[in-house]
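Observations on the model geometry
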Amino acid sequence: MFYPIKYQESVSITAEKYNLEPSLVYSIIRCESGFKEDAQSHAQAIGLMQVMPDTFSWLKNSDDSLPDVDLEMLYETATNIEYGCYYVRYLLDHFGNEKTAIAAYNAGPGNVEKWLENPDYSSNGIDLDNIPIDETRNYVKRVFSSKEVYDYLYFNDDNKKNGGN
């Protein structure tokens, strides 16, 4: 299946905890790791949601409610989804815009903040009209394209009534 819904219990519980749409979480996992728990990128991002070691350390030290675990635990499903979802929620709260937050998930919040200050990339300082890095621009498109499919296949009202079929 091209749009799996693996790790349902962890995604469901954690998405609800951080007030995220499960379809967004599945889309990020799909685009980041292809649902491979042991994924590690060339940039050293780890696990399903490809959490960067520096981001992990920052998150771990910034909020006592997150599990106090070692970096290696990011290869475990529940821990990776917890940290990834927490970070997505942080970015959504920080930027106030879903597209901008997802761009920051890929390119880093510092880069996105610079883009928002540049009129070539943002006309209002909130929305990204233009994303200057191809990888990030394509990533945002892939995440939201996947999210549309997940919403249609599993999370629209007709499919909910039919058990997702």
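Look a little higher up for the structure.
What follows is about helix α4 (residues 77–95). With 19 residues, α4 extends 27 Å from end C-alpha to end C-alpha; this agrees with the ideal 27 Å at 1.5 Å per step. With 15 of 19 residues buried, α4 lies mostly within the body of the structure. G96 sits one or two residues past α4 and shows a positive phi near 70°.

As enumerated under the stated definition, the model contains 12 aromatic pairs in all. Centroid distance Y18 to Y86: 5.6 Å. Interplanar angle 90°. Geometry classified as edge-to-face. One end of the pair, Y18, is in the loop between α1 (8–17) and α2 (22–33); the other, Y86, is in helix α4, and 68 residues separate them in sequence. Summarising the burial analysis for this pair, Y18 and Y86 share the class buried. Pairing W58 with Y90 gives two aromatic rings, centres 5.0 Å apart and planes at 70°, and the pair type is edge-to-face. With a gap of 32 residues between them, W58 in helix α3 (residues 53–62) and Y90 in helix α4 connect regions that are remote in the sequence. A relative accessible area of 30% places Y90 in the partly exposed class. Ring-pair connections join several aromatic residues into one group, and the members of that group are Y3, Y7, Y26, F35, Y150, Y154 and F155. Looking at R30, its charged tip hangs above the ring of Y3, at a distance of 3.9 Å from the centre.

It is worth spelling out the layout of surface pockets at this point. To find leftover empty space, a probe the size of one water molecule is rolled over the atoms. Its boundaries defined by the atoms lining it, the largest pocket holds a volume of some 460 Å³. Around the largest pocket sit 20 residues that line it, and E32, A45, M52, Y105 and N106 are the ones nearest its centre. Those elements giving two or more residues to the lining of the largest pocket turn out to be α2, α5 (98–107) and α7 (134–155). By residue number, the principal contributor to the lining of the largest pocket is α5, which donates four residues. Looking at side-chain class alone, the lining of the largest pocket contains 11 nonpolar, six polar and three charged residues.

Basis of the calculations
Here the residue numbers are simple positions, counted from 1 along each chain's written sequence. For a predicted model such as this one, the threshold for reporting local features is a pLDDT of at least 70, and the threshold for listing and counting side-chain atom pairs is 80 or more; totals across whole chains, interfaces and linings nevertheless cover every residue. Side-chain figures throughout are based on the complete set of non-hydrogen atoms in the structure, without hydrogens or water. Labels follow the DSSP assignment, with helices taken as runs of H or I lasting at least four residues and strands as runs of E lasting at least two, numbered in each case from the N terminus. By this rule the span expected of a helix is its residue count minus one, scaled by 1.5 Å. Burial classes: relative accessible area under 20% of the type maximum marks a residue as buried, over 50% as exposed, and values in between as partly exposed (1.4 Å probe, protein chains only). Only Phe, Tyr and Trp rings take part, Trp by its six-membered ring, and two of them pair if their centres are within 6.5 Å. Stacked means planes under 30 degrees apart, edge-to-face means over 60, and tilted covers everything else. Charges are assigned to positions over rings by a cutoff of 6 Å between ring centre and Lys NZ or Arg CZ, combined with an angular limit of 35 degrees from the ring normal. The pocket and cavity definitions rest on a 1 Å grid over protein atoms only: a 1.4 Å probe that fits but cannot leave marks a cavity, an open set with protein on both sides within 12 Å along at least five of seven lines marks a pocket, and residues lining either have an atom within 4 Å of a point. Grid points are joined across faces, edges and corners, and a volume is the space filled by probe spheres set on the points. Throughout, the ten residues Ala, Val, Leu, Ile, Met, Phe, Trp, Tyr, Cys and Pro are labelled nonpolar, Asp, Glu, Lys and Arg are labelled charged, and all others, Gly among them, are labelled polar.

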